[in-house]
Amino acid sequence: MDSIKIENLEIFSNHGVLKEENVLGQKFLISAEIFLDTQKAGKNDDLTLSVDYSKICHKIKNIMENNTFKLIETVAEKISEEILTEFENIDEIKIEVKKPWAPILLPLEYVSVKSNRKWHKVYLSMGSNIGDKQKYLSDAIAELQSSRLCKSVKSSNFTLTKPVGYTEQDDFLNCCVEMKTLLSPHDLLEFTSSIEAKAKRERKIHWGPRTLDIDIILYDDLIMSDDKLTIPHIEMANRKFVLQPLCELNPYAINPALNMTAIELYKSLPEMLI
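Note that the coordinates shown come from a computational prediction; the quantities given were computed from them, not determined experimentally.

Procedures and definitions
By convention here, each chain's residues receive numbers from 1 onward along its written sequence. Totals for whole chains, interfaces and linings use all residues, but because this is a predicted model, local features are given only for residues with pLDDT of at least 70 and pairs of side-chain atoms are given and counted only at 80 or more. The basis for every side-chain value is the complete set of heavy atoms in the structure, and neither hydrogens nor water enter the calculation. The numbering of helices and of strands both runs from the N terminus, where a helix is a DSSP run of H or I of at least 4 residues and a strand a run of E of at least 2. A 1.4 Å probe rolled over the protein chains alone gives each residue an accessible area, and that area as a share of the maximum for its type sets the label: buried under 20%, exposed over 50%, partly exposed in between. Residue contacts are defined here by distance: any two heavy atoms, one from each residue, within 4.5 Å place the two residues in contact. Residue exposure ignores everything except the shown protein chains as possible cover, and the areas themselves are Shrake-Rupley values with a 1.4 Å probe. Any two strands with at least two DSSP-identified bridges between them are counted as paired. Space inside and on the surface of the protein is sampled on a 1 Å grid over the protein atoms alone, with a cavity defined as a set of points where a 1.4 Å probe fits but cannot get out and a pocket as an open set with protein on both sides within 12 Å along at least 5 of 7 lines; lining residues have an atom within 4 Å of a point. Grid points are joined across faces, edges and corners, and a volume is the space filled by probe spheres set on the points.

Undergrad: Explain the overall build of the protein chain residue by residue, including any values.
TA: When helices and strands are counted, the protein chain shows eight helices and 13 strands. Along the first, second and third principal axes, the C-alpha atoms of the protein chain reach 70 × 50 × 30 Å. Expressed as a percentage of the 274 residues in the protein chain, the buried residues total 45%. In the protein chain, the proportion of contacts linking residues at least 24 apart, taken out of those at least 6 apart, comes to 64%. Surface exposure of the protein chain reaches about 15,200 Å², of which carbon and sulfur atoms provide 51%.

Given below as structure tokens:
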């Protein structure tokens, strides 16, 4: 991936834990490495196909001067989020915030925080089998589209499928969603859970009826598991209602735990499920 670098942009602003830092202010040095495809811009000599680094610098200056944060960690996070959400061409950004006058009563050149933030490609599986199923799914997709931390939200067609596991319930309306997000896996889980809560999702029976169910299926090429979240979703390889709409969006989406594409997983399902 190509990149544009901004080194040690000097800004005087008021960030720090101490009251004196917030009142008197101090010098900060901000460096940014911005990742994007510059090939088209270079071939056509067209700034609109790249990013205007002057605008990036002034954006950083405005964030620094119009806010007061206790932590330079927060400074780095805020700059990253604002730039990634405002400038469409940027895929990833590395930020370093240097504090040359850190008040530690010892000689040092500077204290700094480095962060690396990017847009992550995510696939979600959604289902509903209570009430107005189509509205629950449509409203959930609209919630994702309205978040500034999500973009390029695209849904498969809605498909009616038979319930799995607990079968004494109505058929499900299912879909998959492809999108990019700045949210971490656990923050994304919290966000999707809040969307389920708005739909009054209740968990009374395992695999039982629900107004809305949202599962994180894939998150980049991440493989992880803890007491709250497993990615890739542990059951995706066994579920037609996941794989069929996923193949509609991207048949070559890879499950990194199995090293198989969505279409390979779909074709490997037992014949009775296909």
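Past the structure itself, the notes keep going.
Undergrad: Explain the pairing of strand β3 (residues 92-99) residue by residue, including any values.
TA: Burial analysis of β3 places seven of its eight residues in the buried class, the great majority of the element. Pairing of β3 with strand β4 (residues 111-118) involves eight bridges; the strand directions are antiparallel. If you follow I95 over to β4, its bridge partner there is S115.

Undergrad: Which residues make up the layout of surface pockets, and what values go with them?
TA: Roughly 260 Å³ of internal volume is contained in the second largest pocket. Around the second largest pocket sit 14 residues that line it, and E77, R117, L182, L183 and S184 are the ones nearest its centre. Taken together, the elements giving at least two residues each to the lining of the second largest pocket come down to α4 (72-86) and β4. Ranked by residue count, the leading element in the lining of the second largest pocket is α4, at four residues.

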